[in-house]
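Here is what each chain is made of, one letter per residue.
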Amino acid sequence: MSTNAGAIRLAMAQLLAWRSVSSRPLRALLLCGGFGVGVGVMIVLLAVGEAMVRQASQERLVGGGTITVLPEGIDIEVLTTGGLGGLFFSVPNARFVHRQVLNAPRLSDVVTVAAPQLEGKLLYVTTADGVEHPVRASGEIPSATRTLGALPTVVRGAWDDDDGDRRWMTPTPAELRHDIDHFHLPSAEMANRQSWGEWHYFNVISPDANRWAFVSFIVGGDVTGDQWGGQVLVTLHERGRAPRRFSRTIAKELVRFSTRDANLTIGRDSVRVLPDGRYAVRADVREEGTGTPLTLDLVVSPAPRVDFPGATLVSGDFTSGYAVPALRADASGSLCVARVCEQFDGAQAYHDHNWGGWRGVTWEWGSARAGEYTLLYGRVTPEDSASATAGGNAPLFVYVADAQGFLALFRPRVIRYDDARVVRTAQGVLQVPATAELLDVRGDDSLRLTLTVDDAVATDTRIGLVDRGDSEAARALRAPWFVQMAGEARLEGRVRGRVLSGRGRGFFETYR
């Protein structure tokens, strides 16, 4: 009985379906077509998903190796849909990543070779007849790709490293300094080129840590025009005493700089990279106000691998560039004031390079040794940045290196200052930091950096602003005092299971 009932229901359903189709054939056709398209799309998506997973396991599709390094944010779907030839990206500071991370001594037991590659970059080639053609181009270091086992078969000719490949992979110390430390030009779009400034900066500390010198070789103004020149500035500091400034200003005709190398000549004074990668720094300047002569003759020797790559931040009309070719260095030579000389032999030293438009710009900065570690922290805040009026929330970083090079990068949210120290200025008393603290936790890694200030000076940055047409309201909104500090840095934390601990001398800067 139940079997007959089921057969009857099935027959009735078929009859109703047929009557529905026959009575409205167009509607039925539309429904069937839509259902078919949906099923087809689902089949295609499933097939593409399966293909992407299979491609993701075939690293040779993107140039060989067992690990592929891509910019942050690139996921498996972007990687495999269309392959690398369909992407238009590059790894920022790829040379630094290769030299200081992938090819660093600390990973030599797990990394056999790291091969940089560009795949399917879109370029435009203009032929002799003036026609522009889009082309796809790829690039690689032949020796590295060959070691990786992914070099394509060469049918004719040779595919070997040229001098540019060698310089990218294994530059000499001098080549590395020139590549990191060369000079720049303001962009054609920059509205206020008169605010352009670029300089070599060095500091050196006496063996007893009671005296130190800041040395700056500065090129300022619109270097693409006629209104620019050079200045050499040496500031001598002694703990508990007012600093002494020695300077010389030189016309542009006697200034030599290059966008291809790091050598700089300002009159008779110069910064020169020696063939072995050390810096020869020579200056002959006089004290402001008294005319007392100062001569400086130093050789600064950067520690191998302990550097910070050059980077330029651009936002609208704001440009700020910064590189540290000698994050940890030693200095030897002499510094003489009125024929009284102090000799340096392996003294703690540091060198960086800055460029950009600096009108109204403020920053937090510090560099110090902490035992076997070397530290660098900082951030830059443009005059018109929202962070300039919101408590200074521009991105902040702490860079940690050891004898093997880059070790870790932390991103504390704030610097906690305790403004319990007092300095006297021409305008009265100013409270400045006595201590500062930077904290960060990134997964299992942690950082605690404590700064204790034992000397500070403040410079009023508002001098001359009226002559440049700044309004009283604009001047009032700025943090007008540039504060330079010296003191001790103490490092605590952990990186990849390794305990960080150390302390040492350093210099720090902020605004109040």
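As the structure is a computational prediction, the values presented were derived from the model and not from experiment.

Remarks on the overall build of the protein chain
Move 1: Scanning the protein chain from N- to C-terminus turns up 8 helices and 25 strands.
Move 2: Counting only residues that meet the buried cut, the protein chain has 42% of its 512 residues in that class.
Move 3: Of the contacts formed within the protein chain by residues at least 6 apart in sequence, a portion of 56% connects residues at least 24 apart.
Move 4: Approximately 27,800 Å² of the protein chain is accessible, and the part contributed by carbon and sulfur atoms is 56%.

Points about the packing of aromatic side chains
Move 1: Under the criterion given, the structure shown has 18 aromatic pairs.
Move 2: Clustering of aromatic rings is evident, with ring pairs tying together Phe96, Phe308, Tyr322, Phe397, Tyr399 and Phe406.
Move 3: Taking NZ or CZ as reference, Arg512 lies 4.6 Å from the ring centre of Tyr417, over its face.

Notes on the pairing of strand 1 (residues 117-126)
Move 1: As defined by bridge partners, strand 1 adjoins strand 2 (residues 132-140) across 8 bridges and the pair is classed as antiparallel. Its bridge partner being in strand 2, Leu118 is matched across the sheet by Gly139.
Move 2: Hairpin connection between strand 1 and strand 2: a loop of 5 residues separates the two successive antiparallel strands, and Gly130 in this loop has a positive phi of roughly 85°.

Comments concerning empty space enclosed by the protein
Move 1: By the definition in use, this model includes 5 cavities of 30 Å³ or more.
Move 2: Of the pockets and cavities examined, the largest cavity occupies roughly 70 Å³.
Move 3: Every residue along the wall of the largest cavity is listed here: Asn203, Leu327, Arg328, Gln348, Ala349, Tyr350, Ser367, Ala368, Arg369, Thr374, Gly506 and Phe507.
Move 4: Residue assignment for the lining of the largest cavity shows that the elements contributing at least two residues are strand 13 (318-337), strand 14 (340-357), strand 15 (362-370) and strand 25 (498-511).
Move 5: Here the lining of the largest cavity is composed, by residue class, of 5 nonpolar, 5 polar and 2 charged.

Details of the pairing of strand 20 (residues 421-425)
Move 1: Inspection of the sheet shows strand 20 paired to strand 21 (residues 428-432) by 5 bridges, in the antiparallel sense. Residue Val422 lies in a different strand from strand 21, and its bridge partner there is Gln431.

With respect to the state of the cysteines
Move 1: Across all of its chains, the model carries 1 disulfide by this definition.
Move 2: Through a disulfide, Cys336 is tied to Cys341; the S-S separation comes to 1.9 Å. Classification of the bridge connecting Cys336 and Cys341 rests on its S-S torsion, roughly 105°, and on that basis the disulfide is right-handed.
Move 3: Relative accessible area serves as the criterion here: at 11%, Cys336 is assigned to the buried category.

A short note on the nonpolar core
Generally speaking, nonpolar side chains in soluble globular proteins are found buried as a group.
Move 1: With 44 residues, the main nonpolar core has Phe217 and Leu294 as its most contacted residues.
Move 2: With 6 residues, the single largest contributor to this core is strand 13.

Points about the confidence of the model for the protein chain
Move 1: Averaged over the protein chain, the pLDDT score is 84; the fraction of residues at 70 or greater is 79%.
Move 2: The low-confidence segment residues 81-87, where pLDDT is below 50, has 12 contacts with residues more than four positions distant or belonging to other chains.
Move 3: In the predicted structure, residues 464-477 sits below a pLDDT of 50 and forms 8 contacts with residues beyond four places in sequence or in another chain.

Quick word on the side chain of Glu140
Move 1: Among the secondary structure elements, Glu140 is positioned in strand 2.
Move 2: For the buried Glu140, no salt bridge exists, and the shortest N-O distance to an oppositely charged side chain is 8.6 Å, to Arg146.
Move 3: At a separation of 3.3 Å, a polar atom in the side chain of Glu140 contacts the side chain of Thr145.
Move 4: For Glu140, the side chain forms a polar contact with the side chain of Trp159, separated by 3.3 Å.
Move 5: Non-local contacts of Glu140, meaning those with residues more than four positions away in its chain, are made with Pro116, Gln117, Thr145, Leu151, Pro152, Trp159 and Asp165.

What counts and what doesn't
- Residues numbered from 1 in each chain as written.
- Predicted model: local features only at pLDDT ≥ 70, side-chain atom pairs only at ≥ 80, totals over all residues.
- Heavy atoms only, no water.
- Helix = DSSP H or I, 4+ residues; strand = E, 2+ residues; numbered from the N terminus.
- Buried < 20%, exposed > 50% of the residue type's maximum accessible area, 1.4 Å probe, protein only.
- Contact = heavy atoms within 4.5 Å.
- Areas by Shrake-Rupley, 256 points an atom, 1.4 Å probe, with all protein chains shown as cover.
- Phe/Tyr/Trp six-rings, centres within 6.5 Å; stacked < 30°, edge-to-face > 60°.
- Lys NZ or Arg CZ within 6 Å of the ring centre and 35° of its normal.
- Pairing = 2+ DSSP bridges.
- 1 Å grid on protein atoms, 1.4 Å probe; cavity = no way out; pocket = protein on both sides within 12 Å on 5 of 7 lines; lining within 4 Å.
- Points joined across faces, edges and corners; volume = space filled by probe spheres on them.
- Nonpolar A, V, L, I, M, F, W, Y, C, P; charged D, E, K, R; others polar.
- Disulfide = S-S within 2.5 Å.
- Core = buried A, V, L, I, M, F, W, Y, C linked by side-chain atoms within 4.5 Å.
- pLDDT = per-residue confidence, 0-100.
- Lys, Arg positive; Asp, Glu negative; His and termini not counted.
- Salt bridge = Lys/Arg side-chain N within 4 Å of Asp/Glu carboxyl O.
- Polar contact = N/O pair within 3.5 Å; in protein donor to acceptor, adjacent residues only side chain to side chain.

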